[in-house]
Amino acid sequence: MVKKEPDQTCPMMFILMFLFLNCRMLHAEEELELLLSFKYSINDPLHYLSNWNPSVTFCKWQGVTCNNSSHIKVIDLSGKNISGNLSSSIFQLPYIETINLSSNQLSGEIPYGIFSSTSLQYLNLSNNNFTGSIPKGSVPCLEKLDLSNNMLSGKIPQEIGSFSSLKFLDLGGNVLVGTIPISITNITSLEFLTLASNQLVGQIPRELAQMKSLKWIYLGYNNLSGQIPKEIGELTSLNHLDLVYNNLTGSIPSSVGNLTNLHYLFLYQNKLTGSIPTSIFGIKRLISLDLSDNSLSGEIPELIVQLQNLEILHLFSNNFTGKIPSALSSLPRLQVLQLWSNNFYDEIPKGLGKQNNLTVVDLSTNSLTGKIPEGLCNSGNLFKLILFSNSLHGEIPMSLSTCKSLQRVRLQGNNLSGEFPAEFAKLPLVYFLDISSNNFSGRIDSNNWEMASLQVLSLSRNRFFGGLPDSFGSDQIETLDLSENSFSGTIPRTYGSFPELVQLKLSGNELSGEIPDELSSCNKLVSLDLSHNQLSGQIPASFSGMTVLGQLDLSQNQLSGEIPPSLGGAESLLLVNISHNHFHGSLPSTGAFLAINVSAVAGNELCRGDTSVGLPPCRSVKNPTRWYFVACILGATMVFSLAAFGIFLIRGQKNLEMKTVENEDGIWELQFFHPKASKSVTIDDIFSSKKEENIIHRGKKGLSYKGKSIINDMQFVVKEINDVKLLIPSNFWPEIAEFGKLQHPNIVNLIGACRSDKVAYLIYEYVDGTNLSEILPNLSWERRRKIAVGIAKALRFLHSYCSPTVLVGYKSTEKIMVDGKGEPRLRLSLPDQLSIDAKCFTSSAYVAPEVNNSKDTNEKSDIYEFGFILMELLTGKNSADCEFGVHQSIVEWIRYCYSDYHLDRWIDPMIKEEALVNKNEMVRTMNLALHCTATDSAARPSSHDVLKVLHSALRTSSCVSLLNFPSSSL
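Summary of the structure given here. Everything numeric here is computed off the predicted structure, so don't read it as measured data.

For the protein chain, the count of helices and strands is 16 helices and 54 strands. With 970 residues in all, the protein chain has 50% of them scored as buried. Of the contacts made within the protein chain by residues no fewer than 6 positions apart, 50% connect residues no fewer than 24 positions apart. When the accessible surface of the protein chain is totalled, it reaches about 43,500 Å², and 52% of it is carbon and sulfur.

For the rest of this paragraph, the subject is the pattern of salt bridges. Evaluated as defined, the whole model comprises 13 salt bridges. With its nearest N and O atoms 3.2 Å apart, the salt bridge here joins Glu 231 to Arg 206. One end of the pair, Glu 231, is in the loop between strand 13 (225-227) and strand 14 (240-242); the other, Arg 206, is in the loop between strand 11 (192-194) and strand 12 (216-218), with 25 residues separating them in the sequence. Of the residues examined, Glu 231 reaches a relative accessible area of 19% and is grouped as buried. One continuous salt-bridge network, built from bridges that share partners, spans Glu 765, Asp 819 and Arg 825.

Let's shift gears to the sheet that holds strand 8 (residues 129-131). The four strands are arranged 1-4-6-8 in an open sheet whose pairing can be described as mixed. At either end of the open sheet lies a strand with only one pairing partner, and these are strand 1 (42-43) and strand 8. Across two bridges, the pairing between strand 1 and strand 4 (residues 83-85) is antiparallel. Bridge assignment links Asn 43 to a residue of strand 4, and that residue is Ser 83.

What follows covers the state of the cysteines. Under the definition given, this model contains three disulfides. What pairs with Cys 377 in a disulfide is Cys 403, and their sulfur atoms sit 1.9 Å apart. As the torsion about the S-S bond is roughly 65°, the Cys 377-Cys 403 disulfide counts as right-handed. In this pair, Cys 377 is assigned in the loop between strand 25 (367-369) and strand 26 (384-386) and Cys 403 in the loop between helix 2 (398-401) and strand 28 (408-410), connecting sequence segments 26 residues apart. Judged by relative accessible area, which is 13%, Cys 377 ranks as buried. Linked covalently through their sulfurs, Cys 607 and Cys 618 form a disulfide whose S-S length is 2.1 Å. Judged by the torsion about the S-S bond (95°), the Cys 607/Cys 618 disulfide is right-handed. Residue Cys 607 is located in strand 44 (residues 605-607), and its partner Cys 618 is located in the loop between strand 44 and helix 3 (624-654); the two are separated by 11 residues in the primary sequence.

Here we take up the packing of helix 9 (residues 781-800) against helix 12 (residues 859-875). Helix 12 packs onto helix 9 with a crossing angle of 175° between their chain directions and a minimal axis gap of 10 Å. Put simply, helix 9 runs roughly antiparallel to helix 12. Counting all contacts with helix 9, which are made through Trp 781, Arg 784, Ile 787, Ala 788, Ile 791, Ala 792, Leu 795 and His 799, the residues of helix 12 involved are Glu 859, Asp 862, Ile 863, Phe 866, Ile 869, Leu 870, Glu 872, Leu 873 and Leu 874. Residue composition of the contact of helix 9 with helix 12, by class: 12 nonpolar, one polar and four charged.

The rules behind these values
- Residues numbered from 1 in each chain as written.
- Predicted model: local features only at pLDDT ≥ 70, side-chain atom pairs only at ≥ 80, totals over all residues.
- Heavy atoms only, no water.
- Helix = DSSP H or I, 4+ residues; strand = E, 2+ residues; numbered from the N terminus.
- Buried < 20%, exposed > 50% of the residue type's maximum accessible area, 1.4 Å probe, protein only.
- Contact = heavy atoms within 4.5 Å.
- Areas by Shrake-Rupley, 256 points an atom, 1.4 Å probe, with all protein chains shown as cover.
- Salt bridge = Lys/Arg side-chain N within 4 Å of Asp/Glu carboxyl O.
- Pairing = 2+ DSSP bridges.
- Disulfide = S-S within 2.5 Å.
- Axes fitted to C-alpha atoms, helices over the stretch in contact; angles between N-to-C directions.
- Parallel < 35°, antiparallel > 145°, perpendicular 65-115°, else oblique.
- Nonpolar A, V, L, I, M, F, W, Y, C, P; charged D, E, K, R; others polar.

Here it is, written out as structure tokens:
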């Protein structure tokens, strides 16, 4: 009998099961540790990860999804406000397929281990604050990589081409530089490519044609150059092509017409030329075509009728000519048509709008003639109609008067005529209506105005007559311009009940009667122009209480009486014109009247205590003999002082003669302008300072070195001059000698100079201090105002006491030194360098507008720059700040905020507490800054008046009760 062997199957199965379970337990433990490591590396203010603890199975943790084997498959923590540095631990999870950490506050560099996983298929780190470069590496299974909207820098790594399975790649919204790597074209599986909003340069690779799967290309908002490669026409799967805001040149390749699946073609804001290839009009699936802001030319062919799916057509800001094709009327889905700023002529197609679904039509700034088509609003959805600056004639179509969807209508600058339709005045959604500069006529006061949404209304430069309407049916009106018509009667008192009114312009009419006192109730009124009418009576004294009124023009009327003294105390008032009326008495010497232009007060019987604006002096009731005696004494004292000062200068100059010195570097002319320097500094001291370690400034016009005298350790600064024009002796010494005479505590004094035929050196006193830009954020208001006064004193000295006048030239907070005593010190530009400064710095926000145009500097351009610096002292902001929103510069931003009259909108938070006791002088100082930065240079005060106003503002700091601030102003 054969003995049966024992069965080995069960033990083996048991062992395998044991090993399998043990392996799973090991993996589970490892995954738990990796997750906890990630949790501990971040901040979780919303406590979203509160159940991430070992007592709960991690497959049930929030944001975690496991596969059927209980291994972590997905981590999705998007939009959970987590922050901190990203740990590489979650990328080591052995079975992870999806990681989504988008829309959080994660920062720091992306760890190099993110591409270590072999299972990862989806990675989204977009909309965080990551910095540094994109890590190198490759994940063979990765299908989606989204690193967009961070602050990643550096170049796109060449290794990007090894992501062989990638279908979606978004690196947009970073600060990546360099060119688009050719290796990226190896990713033939890629369907979605976005590199937009970076700083990429170079050309678009022709090799993109290899990426046949591409459906979406977005390379806009970079600095790409060259032509659009014709090979792009081989990407026949393309649905979306966006190359906007680059520097692309040349013509649009006709091969683009091969992209028959294209829905969206965006090429705007480039430098493209030539005509639109006719092949483009064969892309029948096209929904949106935007070629605006280029230099394209030619005519738009009737072939456009083939684009039956077209919804949006943007061709504005080009050089297109010819007629607007009538075929546009046959595009049933067309909603947005913007062809403005071209050279189109002839009539607007009569059928436009009848078969379309128009919502926006902008054909402005062309040479169009004929009438406005009747059917523009047939869709019932038209809300924007812009036709200004053409030669259209005829009346406004009745169909537009019943177009209830209209919101924005601009028809100004045409030859339209007829009466303003009564039904148009009842459109409920129109918020912007401008029909100025036409030939409209008739009365408008008989209309029943029911424009409940109206914010801006301009009927100026037409032929309207009769009285003004009492109301327009809206309490939201911000701008009302009825100027240059033939309106008569009185100004309705109801205009004082417009709570949002910012600008009221009624000039150039035949209005009579008195100015309604009720206008002072318009608390947001910034600009009031009632000039060139027949108004009589006095200026309402209540105008001085209008807290944001900045511009007041009452010229060319029949107004009389005295100027209310309180009007000069209106802090917000910047520009006033009261010329050619019947005013008499004393002109206020405060506020906007302080440095008023003589033309703004002419044609009255006004007087002034001083003659700064060309008015006769006011009669004094005091003893004239006494004042004559005092004036004689003061005059004699000044003459004596000037004589003594002149003798002192003559004696000093005798001790400061030019020397000729020879050394191994050649023959040098050397002259000092300060006795101490002449006894302390030698030619050897000057040359021994020229060492790399002594360089303190590297300028566009030469290096500056710090030097020291061997005799007594006197410190000085040597500035190198390489300007050939300046090196000519007849040019050099006369100018240098004049500058050497300038001695002022707020100027960096020129103490000497030496020159040869090849180079020259200016020797300045050494100022032990810091750039104003570096210390400004930490300065108190007391120190800031001391700096402002010091700069103003230097300007008054240079402009008023030097003959000829000396200009400072380009200055900014970076160019101003503050010494150990807290005094500002200005370094002057030589006269021949002022033009160089103007050319070098015309892009700077500090430079006055007129200098940008003429490149010539003058006293008023110095004043503009001083006003700009005042604004920085008050706001703590500089020209590089990006917080100005729609406002182009800090000056525009300040004007807007100041008109709002809320101190907390513009005051530097660092000195906000000090504003509680110094708010009066801060507001007055800002008012001065706005005067100094007036666009019209003639409206800017002189340096003498600047210092006078500044001293006045600082003296009244305790008189807080003089200003009636709203409670919310701080």
